[in-house]
Amino acid sequence: MARWAVGLAAVVAVVLVVSSTIFAVAYAVGGDAAISDTWAGLLGAFAMLGGLLASLAALVLAIIAKVKHERWALLWLPLSLFPALLAVVVLAETFWME
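The numbers attached to residues start from 1 for each chain and follow its sequence in the written order. Per-residue local features of the predicted model are confined to residues with pLDDT of at least 70, and side-chain atom pairs are confined, for both listing and counting, to 80 or more; whole-chain, interface and lining totals are unaffected and use all residues. As a convention, hydrogens and water are excluded, and side-chain values are obtained from all of the structure's heavy atoms.

This part is about the nonpolar core. For our purposes a nonpolar core is just a set of buried Ala, Val, Leu, Ile, Met, Phe, Trp, Tyr and Cys residues, chained together by side-chain atoms within 4.5 Å. Working definition: with a 1.4 Å probe on protein chains only, accessible area under 20% of the residue-type maximum means buried, over 50% means exposed, and in between means partly exposed. Of all hydrophobic cores here, the largest spans 12 residues; its members are Ala9, Val12, Leu16, Ala47, Leu52, Ala54, Ala58, Leu59, Leu77, Leu81, Phe82 and Leu85. Looking at this core element by element, the count peaks at five residues for helix α3 (residues 39–67). If we skip the residues at most four places from it in the chain, leucine 59 touches Pro78, Leu79 and Phe82. Ala5, Val6, Ala62 and Leu75 belong to the second largest nonpolar core, which has six residues in total. Per the convention used, a helix needs a DSSP run of H or I reaching at least four residues, while a strand needs a run of E reaching at least two, with both numbered from the N terminus. The contact rule is simple, with two residues in contact once any of their heavy atoms fall within 4.5 Å.

As structure tokens, then:
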């Protein structure tokens, strides 16, 4: 259970880093027009939505692993990824995407 949780959280983290890099480069080069109604904006949105759902699943798996007293040093990743992503989405919606 712990291995699945950590693996899923690691995949989500890598996908979010790659899509955020593509999003940031497109925004830096072309501004708001480069991410509005383009594949870069769609990739960022789907990566964040899919990342939230997958990190929620990883969080549930990590909680189950903790309840079963499975010990693994990397279990902090799935336990912290969903709350961090949720905070990023809430703050981005509040302050950046008006």
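Among the secondary structure elements, valine 88 is positioned in helix α4 (residues 76–96). Taking the relative accessible area as the measure of exposure, valine 88 reaches 44% and is therefore partly exposed. Spatially, the C-alpha atom of valine 88 lies 9.7 Å from that of methionine 48, the residues being 40 residues apart in sequence.

In the contact formed by α3 and α4, the axes pass within 7 Å of each other and the chain directions differ by 145 degrees. The interaxial crossing formed by α3 with α4 has left-handed handedness. Two secondary-structure elements touch here, α3 through Met48, Gly51, Leu52, Ser55, Leu56, Ala58, Leu59, Ala62, Ile63 and Lys66 and α4 through Pro78, Leu79, Leu81, Phe82, Leu85, Leu86, Val88 and Val89. Among the residues forming the contact of α3 with α4, the class breakdown is 15 nonpolar, two polar and one charged. All axes here are fitted lines through C-alpha atoms, helices being fitted over the stretch that makes contact, and every angle between N-to-C directions spans 0 to 180 degrees. Rotating anticlockwise by less than a right angle from the far helix to the near helix defines a left-handed crossing, while the corresponding clockwise rotation defines a right-handed one. Polar here means any residue outside two lists: the nonpolar Ala, Val, Leu, Ile, Met, Phe, Trp, Tyr, Cys and Pro, and the charged Asp, Glu, Lys and Arg; Gly therefore counts as polar.

For the rest of this paragraph, the subject is α4. By this rule the span expected of a helix is its residue count minus one, scaled by 1.5 Å. Along its 21 residues, α4 runs 29 Å from first to last C-alpha, staying within 8% of the 30 Å computed at 1.5 Å per residue. Considered for burial, the residues of α4 that qualify are Leu77, Pro78, Leu81, Phe82, Leu85 and Ala92. Each element contacted by the buried residues of α4 is listed here: α1 (2–30) and α3.

With that settled, the discussion passes to the side chain of serine 55. Along the polypeptide, serine 55 turns up in helix α3. With relative accessibility at 0%, the residue serine 55 sits in the buried group. Polar side-chain contacts of serine 55 include one of 3.0 Å to the backbone oxygen of leucine 52. With residues up to four places along the chain from it excluded, the contact list for serine 55 reads Val12, Leu81, Phe82 and Leu85. Any N or O atom pair separated by 3.5 Å or less is treated as a polar contact, with the protein-specific requirement of one donor-capable and one acceptor-capable atom, and with residues adjacent in sequence counted only for side-chain atom pairs.

Glancing now at unusual backbone geometry. With phi around 60 degrees, histidine 69 is a residue other than glycine that occupies positive phi space. Summarising the element assignment, histidine 69 is placed in the loop between α3 and α4. Among the residues examined, histidine 69 registers a relative accessible area of 66% and is labelled exposed.

Compared with an ideal rise of 1.5 Å per residue, which puts 29 residues at 42 Å, α3 spans 41 Å between its outermost C-alpha atoms and is within 8% of the ideal. The complete set of buried residues in α3 reads Ala40, Gly41, Gly44, Ala47, Gly51, Leu52, Ala54, Ser55, Ala58, Leu59, Ala62 and Ala65. Looking at the buried residues of α3, the elements they touch are α1, α2 (32–35) and α4. A positive phi of about 60 degrees marks histidine 69, the residue just after α3.

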